[in-house]
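Below, each chain spelled out in residue letters.
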Amino acid sequence: MRRKATAQWNGNLKEGKGSLTTDSTALDHTQYSFSTRFENGIGTNPEELLAAAHAGCFTMQLSAYLSESGFVPEELTTVSTIVFENGSIVRSELELKGKVPTITEAEFQTIAHKAKENCPVSKAFSFEKTLDAKLL
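Residues numbered from 1 in each chain as written. Predicted model: local features only at pLDDT ≥ 70, side-chain atom pairs only at ≥ 80, totals over all residues. Heavy atoms only, no water.

1. Concerning the packing of aromatic side chains
Note on aromatic pairs: each is described by the distance of the centres and the angle between the planes.
Point 1. Scanning the entire structure with this criterion turns up four aromatic pairs.
Point 2. Seen from their ring centres, Phe34 and Phe38 are 4.9 Å apart, and the 45° between their planes marks the pair as tilted. On the criterion of helical spacing, the pair formed by Phe34 and Phe38 is a turn pair, its members being four residues apart in helix α1 (residues 34-38).
Point 3. Its relative accessible area of 18% is what places Phe34 among the buried residues.
Point 4. For Phe38, a relative accessible area of 42% translates into the label partly exposed.
Point 5. Taken together, the ring pairs in this structure connect Phe34, Phe38 and Phe84 into an aromatic cluster.
Point 6. Across the ring face of Tyr65, the terminal group of Lys114 is positioned such that the distance to the ring centre comes to 4.3 Å. (Phe/Tyr/Trp six-rings, centres within 6.5 Å; stacked < 30°, edge-to-face > 60°. Helix = DSSP H or I, 4+ residues; strand = E, 2+ residues; numbered from the N terminus. Buried < 20%, exposed > 50% of the residue type's maximum accessible area, 1.4 Å probe, protein only. Lys NZ or Arg CZ within 6 Å of the ring centre and 35° of its normal.)

2. Remarks on the pattern of salt bridges
Point 1. Under the criterion given, the structure shown has five salt bridges.
Point 2. Between Glu117 and Lys116 there is a salt bridge, with its nearest N and O atoms 2.8 Å apart.
Point 3. Given a relative accessible area of 9%, Lys116 falls into the buried group.
Point 4. For the salt bridge of Lys134 with Asp132, the shortest nitrogen-to-oxygen distance reads 2.8 Å.
Point 5. On the accessibility criterion, Lys134 (40% relative accessible area) is partly exposed.
Point 6. Classification of Asp132 by relative accessible area gives partly exposed; the value is 37%. (Salt bridge = Lys/Arg side-chain N within 4 Å of Asp/Glu carboxyl O.)

3. Observations regarding the nonpolar core
Point 1. In terms of nonpolar packing, the biggest core is built from 23 residues, with Phe58, Leu62, Leu66 and Leu96 touching the most fellow members.
Point 2. Contributing elements (two or more residues each) for this core: α2 (46-68), β4 (75-85), β5 (88-99), α3 (105-118) and β6 (128-135).
Point 3. Residues within four places of Leu66 in sequence aside, it is in contact with Phe71, Pro73, Leu76, Val100, Ile103 and Ile111. (Core = buried A, V, L, I, M, F, W, Y, C linked by side-chain atoms within 4.5 Å. Contact = heavy atoms within 4.5 Å.)

Structure follows, in structure tokens:
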């Protein structure tokens, strides 16, 4: 499998702007700029896209591991916060809330941490990954 995205940029760093497009068109000339990355401008940025990738991948991996263990999740909600400090991405903080009937807290924690370590996006990240998992 191969997935593609295209970035287009015009101008210098601070006044310039660009757009991001994916083959699926989930992003279709989506705006990004200095303002969307370092301020509160409208559009996206690389860190937000990493957060979406990590939240999505982790949640799918967790669902797979839960299913393999005989559990059917009612709902899994994950927030990933990418922490950017001193010019480097230093951490992805995963916050999970899960409704999984018949699972114990210990089983939930074990399976959630296994998913954090083994989802393909986690494996691609060399920076720290944390997980705060709550069984509802």
